[in-house]
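Structural features, examined
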Amino acid sequence: MSDLLSHLDVAGFIVATLVAATPLTLAAMGGVMSERSGVVNIALEGIMLTSAFAGYAAAVATHNLWLGVLIAIIAGMLIAGLHALLSIQFLVDQIVSGTVINILAIGITGSFYRTYIQNSELAGTGVLPALRLSFLPNSPFIGVITLAALALIPVVHFVLFNTVFGLRTRACGEHPLAAETAGINVYLVRYSNVILSGALAGLGGAYFTLQQIGNFLPNMTGGRGFIALAAMIFGRWSPVGAFLASLLFAGADALSGRLQISGVTLPYQILGMLPYVLTIVVVAGAVGRAVAPAADGKPYKKGG
Amino acid sequence: MKLDRALRRRLFEAVVLPVLSVACGFVVAGVAVLLTGNDPIAAFTALFQGAFTNDRAFGETLVATIPYIFLGLAVALGFRAGLFNIGAEGQFYLGAIFGVLAGNHLQGLPGILHIPVALAFGMLGGFLWAAIPGLLKARFGAHEVITTIMLNYVAFQLTDFLINQGPMSDRHSTAPRTPFIDAGAQLPILFAGSRLHAGLILALLAVPVVWFLIERTTIGFRIRTVGFSQGAARAAGISVAWTLVVTMGISGALAGLAGSDEILGVSHYMPSSFSVGYGFDSIAVALLARSNPWAILPSAFLFGAMRNGAAFMQLETQVSADLISIVQAIVIMFVAAPAMVRWIFRLREVPAGGIQITQRETAGVTSET
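The rules behind these values
- Residues numbered from 1 in each chain as written.
- Chains lettered and ligands numbered in written order.
- Predicted model: local features only at pLDDT ≥ 70, side-chain atom pairs only at ≥ 80, totals over all residues.
- Helix = DSSP H or I, 4+ residues; strand = E, 2+ residues; numbered from the N terminus.
- Rg over C-alpha atoms; globule rule 2.2 N^0.38 Å.
- Buried ≥ 20, exposed ≤ 12 C-beta atoms within 10 Å, placed from the backbone.
- Contact = placed C-beta atoms within 7 Å.
- pLDDT = per-residue confidence, 0-100.
- Axes fitted to C-alpha atoms, helices over the stretch in contact; angles between N-to-C directions.
- Parallel < 35°, antiparallel > 145°, perpendicular 65-115°, else oblique.
- Nonpolar A, V, L, I, M, F, W, Y, C, P; charged D, E, K, R; others polar.
- Core = buried A, V, L, I, M, F, W, Y, C linked by C-beta atoms within 7 Å.
- Expected span 1.5 Å × (residues − 1).
- Bend = angle between axes of the 7 residues up to and from the residue.

Topic: the overall build of chain A
Tallying secondary structure elements over chain A gives 13 helices and 2 strands in all. Over its C-alpha trace chain A gives a radius of gyration of 20 Å, about what one expects of a compact globule, namely 19 Å for 304 residues. Counting only C-alpha atoms, chain A reaches 65 × 45 × 40 Å along its principal axes. Across the 304 residues in chain A, those meeting the buried criterion constitute 55%. Within chain A, contacts between residues at least 6 apart in sequence are counted, and of these 77% link residues at least 24 apart.

Quick notes on the overall build of chain B
Helix and strand content of chain B: 14 helices and 0 strands. In chain B, the succession of helices and strands from N to C terminus is α-α-α-α-α-α-α-α-α-α-α-α-α-α. Oriented by its inertia axes, the alpha-carbon framework of chain B measures out at about 65 × 55 × 35 Å. Across the 369 residues in chain B, those meeting the buried criterion constitute 57%.

A few points about the confidence of the model for chain B
Residue and element names in this part refer to chain B. Here chain B averages 89 in pLDDT, while 93% of its residues score no lower than 70. Here residues 350-354 is a poorly scored stretch, pLDDT under 50, and it has 12 contacts once near neighbours within four places are set aside; other chains count. Overall, residues 359-369 carries pLDDT values under 50, and its contacts beyond four positions in sequence, including any with other chains, amount to 38 contacts. Predicted complex, confidence summary: ipTM 0.87, pTM 0.90.

So, the packing of helix α7 (residues 199-216) of chain B against helix α8 (residues 218-228) of chain B
Residues and elements named next belong to chain B. Here α7 crosses α8 at 70°, and the two axes come no closer than 5 Å. Here α7 lies roughly perpendicular to α8, going by the angle between them. Residues Leu213, Ile214, Glu215 and Arg216 of α7 pack against Ile219, Gly220, Ile223 and Arg224 of α8. Partitioned by chemical class, the residues of the contact of α7 with α8 number 4 nonpolar, 1 polar and 3 charged.

Some details on unusual backbone geometry
For residues besides glycine, phi is generally negative; the peptide bonds are generally trans as well. Here Arg236 of chain A, not a glycine, exhibits a phi torsion of approximately 50°, which is positive. In this structure, Arg236 of chain A sits in the loop between α10 (224-234) and α11 (239-261). If you check the backbone angles, Gln318 of chain B has positive phi at about 65° while not being a glycine. Mapped onto the elements of the fold, Gln318 of chain B is located in the loop between α12 (293-317) and α13 (323-336). The partly exposed category is assigned to Gln318 of chain B, around which 14 C-beta atoms lie within 10 Å.

A closer look at the interface of chain A and chain B
Contact with chain A, which involves 45 residues of that partner, is made by 44 residues of chain B. Those elements giving two or more residues to the side of chain A that touches chain B turn out to be α5 (94-117), α10, α12 (268-272) and α13 (274-286) of chain A. Broken down by element, the residue count for the side of chain A that touches chain B peaks at 15 residues, all from α5 of chain A.

Regarding the environment of Leu204 of chain B
Residue and element names in this part refer to chain B. Structurally, Leu204 is set in helix α7. Exposure remark for Leu204: the 12 C-beta atoms within 10 Å place this residue in the exposed category. Placed 48 residues apart in sequence, Leu204 and Phe156 show a C-alpha to C-alpha distance of 29 Å.

Description of the environment of Thr174 of chain B
All names here are of chain B. Summarising the element assignment, Thr174 is placed in the loop between α6 (144-163) and α7. Look at Thr174 and you get exposed, because 6 C-beta atoms sit within 10 Å. The sequence separation of Thr174 and Asn164 amounts to 10 residues, and the corresponding C-alpha distance is 9.7 Å.

Topic: the nonpolar core
Ala231 of chain A together with Phe70 and Leu71 of chain B are the most contacted members of the largest nonpolar core, which has 224 residues in total. A per-element tally of this core places helix α3 (residues 57-80) of chain B first, with 14 residues. Excluding residues that lie within four positions of it along the chain, Ala231 of chain A makes contacts with Leu24, Ala28, Ala242, Ala245, Ser246 and Phe249 of chain A. If you look at the next biggest cluster of nonpolar residues, it comprises 5 residues, including Ala171, Ala179, Val186 and Val189 of chain A.

Examining helix α2 (residues 10-36) of chain A
Residue and element names in this part refer to chain A. Under the 1.5 Å per step criterion, the end-to-end length of α2 is 36 Å for 27 residues, consistent within 8% with the ideal 39 Å. Helix geometry: α2 is bent most strongly at Thr22, by close to 40°, with proline Pro23 lying one to four residues after it. In terms of burial, α2 is largely enclosed, as 20 of its 27 residues are buried. Gly38, located one to two residues past α2, shows a positive phi value of around 105°.

Right, dumping it as structure tokens:
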């Protein structure tokens, strides 16, 4: 056992967990915003995949990684806007609308990948810089999107619980008719939140291509958008809770990676199941205690 | 000619809406082809040739239609109870694994027994795999969308473990795959020189069976009632939890049957890239058919044709086969949003609103059951 522990250097493990938690935290916070306003967002996976691609493509085209991040965020907002249009305007079942976007994301990124990236001479974009936190002794280098995600946690928390916009958001998620009666434009609030969730998930998508590997691979998000949803539920629809839950999943991810390297005899596929099985266990275990916003998933018809 | 209002609505929902949706899907996909710098006319011509007119193409389209029928029925059955079974893909894998196990390890059994036993094993595999999210939903209220998707990933890892130098791998093969199943367990070929197998007959039989199950049996009545309103079902004394578990189980059994049928009829062993997304596509198959078992047939045929034609299209024109995912997404979008189709085509008559697939009362990510 001590032999095993010596392989798992603790500081390295913490950093790996923090980094792996980046897209989960961002997407889960996006989910929090969207669902607090009453719109279920299972499109997070598709939004991240599209943004990962768009950010990469923009970075390749402009030779500017920062522009890539910006485009990834805008792409996320556009795709989320489609989800908003379908589910808010056209009253499409929100789960179906999310599924549409997830399939569309595979189709679009797959088509463009095959045409422009596969078999091309593109050497990749390189990755965004990692920073060292000067106020911490022996601080490791941490990627900028990870730092941005950490900085956004208090921001999202503040917006949601300490601003008028946040209050309106929560009102629309709990009782849209009452909100409308009080003079709140439910559609506008829901649109804003879904699109903001796209911006957050879009930044999460940029992590995959522009921070993690500097390249795009088909389906590279690998279900992280869905795990983020589980993190959102486990975190009881709060930004801080979502972050802590993301750390749990990311920890499982980082641990399975480290156990493989440290020569544990379990097959790597069994270790690879770890984050997914954990998600199932957590979703099943959390639900009794976690309560969704009352109007979550219910389309709102004006005057209805 | 003046049709009465109710008939006009039914005609719109059953025929006009799906056809317009598919048409819109191809238009949007055509734009995507243009954006990737290719010729959409050439791409769609190749798609059509690959699906129908090339040598043996029609038979191959039918071969691809078979799993779509089983899987489309599986997803549609779930929808009828308000369940969104996105796990058909994983259940398809489990059905294949169980099919290979039975196909390999029951040697000496006569084919007339071996084939049904192996198919039933596949159903069992799918049933067990789908019963997990069913139980989790019934007992803990865990939303099936998340649990079934997670189980898909677990199924992929499990398959990779089993066949990639694992306990089910073929020691004599360099590729990661299982050994071939017993010759006696293979489904007979319908037409010599083609790959079209007797699974087609099974699939065609499955349609009326599922229709009968949904429309004419007690369990079907419970499924429909729970799908309509869990509150009403509870008030009528129906056990909602039990119905959800049974519905997921039957849905998984159909998906598992698709998996074992694919092993027994087409590949005769399990390769590492077994499915290429049949289970995911079947969500679109079921939605396009509006969860009506009979309508699964044309819907599955369309997707079989696209799947088969896309491979040829990719070869001929360098347009990615992923293009059909775009068609699929747009098709689902329009089928689920009739208001949008009417708006685009300026059709009169106010729609009754979007179709409801998942239940309102369970549509959040949690539910009480």
